[in-house]
Amino acid sequence: MMLSDAEKAAVQSLWAKASGNVNAIGAEALERLFESFPQTKTYFSHFDLSHGSHDLQVHGGKVLGAIGEATKHLDNLESALSKLSDLHAYNLRVDPGNFKLLSHAIQVTFASHFRTEFDATAQAAWDKFLSYVSAILTSKYR
Ligand code: HEM
């Protein structure tokens, strides 16, 4: 894992702010993903994707919760994300390009909720962290 100590601290301190509100923040990130990149909705045809829906809250909470869990394992992300990596590669087969889109939607959501804390330094650290998470979740495709 190539995050510096300062980047790790930036990831964890923003997470401390977000962790109290995972369902709402996760749901908003998903809504932004689906609004900006409607093609990503194809994976969720079994969900109610209307604004603020229960499905969005629950799934948003799962996705953001997994990311929060990953912030606690910055020195062994591969093993921490191993099961999720199996799921996305073997079962879901999500096109890897979509991970960049979701990472973007998460960062926009953070920017709108944590205007002051999510400064350029924090954003750069999160961008790097989410690209590692994405690389791991898309590493097992074959
Ligand atoms: C399921 C995390 C990216 C599509 C899940 C679950 C988690 C998760 C925690 C639930 C696993 C379970 O129930 O055991 C993540 C993380 C991502 C990511 C951390 C990247 C940072 C994506 C992307 C897509 C996607 C980019 C597609 C656009 C799905 C789908 C499911 C799923 C379709 C199953 C939903 C269901 O039927 O319940 N993901 N995911 N994921 N993910 Fe991801």
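Scroll up a little and you will see the structure.
Residues numbered from 1 in each chain as written. Predicted model: local features only at pLDDT ≥ 70, side-chain atom pairs only at ≥ 80, totals over all residues. Heavy atoms only, no water.

## A short note on empty space enclosed by the protein
In this structure the tally under the stated criterion is one cavity of 30 Å³ or more. One number sums up the size of the largest cavity: a volume of about 30 Å³. Residue lining of the largest cavity: Gly26, Ala29, Leu30, Gly60, Val63, Leu64, Leu102 and Ile106, and that is the complete set. Elements represented by at least two residues in the lining of the largest cavity include exactly helix H2 (22-36), helix H3 (54-71) and helix H6 (97-113). When the residues that make up the lining of the largest cavity are grouped by side-chain class, the tally is six nonpolar, two polar and no charged. (1 Å grid on protein atoms, 1.4 Å probe; cavity = no way out; pocket = protein on both sides within 12 Å on 5 of 7 lines; lining within 4 Å. Points joined across faces, edges and corners; volume = space filled by probe spheres on them. Helix = DSSP H or I, 4+ residues; strand = E, 2+ residues; numbered from the N terminus. Nonpolar A, V, L, I, M, F, W, Y, C, P; charged D, E, K, R; others polar.)

## A look at the side chain of Ser134
Its location among the elements puts Ser134 in helix H7 (residues 120-137). A distance of 3.5 Å separates a polar atom in the side chain of Ser134 from a polar atom in the side chain of Ser103. Sequence-distant contacts of Ser134, that is, excluding residues within four places in its chain, are made with Phe99 and Ser103. (Polar contact = N/O pair within 3.5 Å; in protein donor to acceptor, adjacent residues only side chain to side chain. Contact = heavy atoms within 4.5 Å.)

## Quick word on the nonpolar core
Phe110, Trp126 and Phe129 are the most contacted members of the largest nonpolar core, which totals 28 residues. Those elements that place two or more of their residues in this core are helix H1 (5-18), H2, H3, H6 and H7. Among the elements that make up this core, the one with the highest residue count is H7 (eight residues). Within the second largest apolar cluster, nine residues are counted, among which are Leu33, Phe44, Leu101 and Ala105. (Core = buried A, V, L, I, M, F, W, Y, C linked by side-chain atoms within 4.5 Å. Buried < 20%, exposed > 50% of the residue type's maximum accessible area, 1.4 Å probe, protein only.)

## Some details on the coordination of the iron atom of the ligand
Exactly one protein atom donates to the iron atom of the ligand; that atom is His88 (NE2), 2.1 Å from the metal. On the secondary structure map, His88 appears in helix H5 (residues 82-92). (Donors = N, O, S within 2.8 Å, 3.2 Å for Na, K, Ca; no water.)

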